Protein chains: 2
Amino acid sequence: MASESMSPELMRCVADRFKALAEPARLALLHALRGGDRTVSELVEVTGMGQANVSKHLQVLHGHGFVARRKDGLFSWYSLADQDVLRLCDIVCGRLEKEASAQQRMLANG
Amino acid sequence: MASESMSPELMRCVADRFKALAEPARLALLHALRGGDRTVSELVEVTGMGQANVSKHLQVLHGHGFVARRKDGLFSWYSLADQDVLRLCDIVCGRLEKEASAQQRMLANG
DNA sequence: TCACTATATTCCTATCTGGTTGAGTAACTG
DNA sequence: CAGTTACTCAACCAGATAGGAATATAGTGA
């Protein structure tokens, strides 16, 4: 997979997935969902964002399969669709930590 | 890591990393670098993009540590900094493949 | 039916950024 | 030194989008 040649369409699909994660607001929502299912209102309260904004970002995440939605009466319960998104974030966070500690060593030895 | 609470700054850093990958042009450059080191001109030829455009995208990737640069006379040789970016792309590609095959099953079973 | 609540959607505006163009910089050649 | 090559930088424009306000939709209960 992802080997020899990649079609421009596939490239765009992959880029769109990354773009869905390339927004602090959406990362905050995903982070809030680590604790379990949440309704939109709960996410509004936790993140401090506007309701329309939260709803809109959740649509993006849901459209790309990063979160699952379950309707229950008036409420929409959102949850992490799987562990992939956490793996993605962990790789990036690992890089940032590695760079931060490397920079600290630079300052210490420099 | 990436556990309990994440500062808004960290959230922004992570989002910026994803944003660097959220562009088909940059993914095309990274893909071209899978085969080994390449000069800017080579990448221009392979991708069909403009030279200034390639150079600018490479600055972004380099600024976020995804590619390494080595200067040799007139040439700038770019290469993948490490395997992390491939792992990230593989996770996303794996998702896309899984969804594609699931959709095929949907169509087959109706 | 009407009001109320939770969520989704639409419209608007400010901001950001990808791509292009043209100028600028640095290294090699003669 | 001038000329060429390889690359980078700066300015511009067009398209995309995050955020907020207002509105729409849908479920609930009186």
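Residues numbered from 1 in each chain as written. Chains lettered and ligands numbered in written order. Predicted model: local features only at pLDDT ≥ 70, side-chain atom pairs only at ≥ 80, totals over all residues. Heavy atoms only, no water.

**Things to note about the overall build of chain A**
Broken down by element type, chain A carries 5 helices and 3 strands. What you see in chain A, going N to C, is helices and strands ordered as α-α-β-α-α-β-β-α. Against the globule reference of 13 Å for 110 residues, chain A gives a C-alpha radius of gyration of 17 Å, more extended than a compact globule. Within chain A, counting contacts between residues at least 6 apart in sequence, those at least 24 apart form 47% of the total. Averaging the coordinates of the 14 positive side-chain charges in chain A and doing the same for the 13 negative ones gives two points 2 Å apart. (Helix = DSSP H or I, 4+ residues; strand = E, 2+ residues; numbered from the N terminus. Rg over C-alpha atoms; globule rule 2.2 N^0.38 Å. Contact = heavy atoms within 4.5 Å. Lys, Arg positive; Asp, Glu negative; His and termini not counted. Charge placed at Lys NZ, Arg CZ, Asp CG, Glu CD.)

**Focus on the protein's contact with DNA strand C**
Residues in contact with DNA strand C amount to 22 residues; listed here are only the nearest, A:Ser41, A:Gln51, A:Tyr78, B:Lys56 and B:His57. Of all atoms in DNA strand C that approach within 4 Å of the protein, 62% are sugar or phosphate atoms. One nitrogen or oxygen atom from the side chain of A:Gln51 is found 2.9 Å from a base nitrogen belonging to DNA strand C. Mapped onto the surface near DNA strand C, the elements with two or more residues apiece are α3 (40–47), α4 (51–63) and β3 (75–80) of chain A together with α2 (24–32) and α4 (51–63) of chain B. Across the surface near DNA strand C, the residue classes tally to 8 nonpolar, 9 polar and 5 charged. (Near = heavy atom within 4 Å. Polar contact = N/O pair within 3.5 Å; in protein donor to acceptor, adjacent residues only side chain to side chain. Nonpolar A, V, L, I, M, F, W, Y, C, P; charged D, E, K, R; others polar.)

**Section: the protein's contact with DNA strand D**
Not every one of the 24 residues close to DNA strand D is listed here, only the nearest: A:Lys56, A:His57, B:Ser41, B:Gln51 and B:Ser55. Of everything in DNA strand D that lies within 4 Å of the protein, sugar and phosphate atoms constitute 61%. Within the side chain of A:His57, one N or O atom sits 2.5 Å away from a phosphate oxygen of DNA strand D. Where the surface near DNA strand D is concerned, the elements lending two or more residues are α2 (24–33) and α4 of chain A together with α3 (40–47), α4 and β3 (75–80) of chain B. It is α4(B) that contributes the most residues to the surface near DNA strand D, 5 residues altogether. Of the residues belonging to the surface near DNA strand D, the class tally is 8 nonpolar, 10 polar and 6 charged.

**Digging into the nonpolar core**
Core analysis: the biggest nonpolar cluster contains 67 residues, and A:Phe18, B:Phe18, B:Leu27 and B:Leu30 have the highest contact counts within it. Once residues within four sequence positions are removed from consideration, B:Phe18 is found in contact with A:Phe18, A:Leu21, A:Ala22, A:Leu27, A:Leu88, A:Cys89 and A:Val92. (Core = buried A, V, L, I, M, F, W, Y, C linked by side-chain atoms within 4.5 Å. Buried < 20%, exposed > 50% of the residue type's maximum accessible area, 1.4 Å probe, protein only.)

**Observations regarding the pairing of strand β2 (residues 67–72) of chain A**
Residues and elements named next belong to chain A. Where β2 lies against β3, 6 bridges are found, and the strand directions are antiparallel. Across the sheet, residue Lys71 finds its bridge partner in β3, namely Ser76. Two successive antiparallel strands, β2 and β3, enclose a turn made up of 2 residues, where Gly73 displays a positive phi of approximately 65°. (Pairing = 2+ DSSP bridges.)

**Thoughts on the relation of the copies chain B and chain A**
Each copy superposes on the other: chain B lies on chain A with an RMSD of 0.1 Å after a rotation of 180° and an axial shift of 0.0 Å. Taken together, the rotation angle and the small translation identify this as a two-fold axis. When the interface residues of chain B are mapped onto chain A, 98% of them again fall at the interface, so both copies present the same face. (Least-squares fit on C-alpha atoms with pLDDT ≥ 70 in both.)

**Considerations on the sheet that holds β2(A)**
Residue and element names in this part refer to chain A. One open sheet accounts for 3 strands, arranged β1-β3-β2; its pairing is antiparallel. The two strands at the open ends of the sheet, each matched to only one other strand, are β1 (38–39) and β2. With 2 bridges connecting them, β1 and β3 associate as antiparallel partners. If you follow Thr39 over to β3, its bridge partner there is Trp77.

**Let's talk about the packing of α3(B) against α4(B)**
All names here are of chain B. As a packed pair, α3 and α4 sit with axes 9 Å apart at the nearest point and diverge in direction by 115°. With respect to α4, the axis of α3 lies roughly perpendicular. Seen from above, α3 lies across α4 with right-handed handedness. Touching Val40, Leu43, Val44 and Thr47 of α3 are Gln51, Val54 and Leu58, all from α4. Tallied by class, the residues present in the contact of α3 with α4 amount to 5 nonpolar, 2 polar and no charged. (Axes fitted to C-alpha atoms, helices over the stretch in contact; angles between N-to-C directions. Parallel < 35°, antiparallel > 145°, perpendicular 65-115°, else oblique. Left-handed = near helix turned anticlockwise from the far one by under 90°.)

Read these as layout, nothing more, since geometry by itself doesn't imply function.
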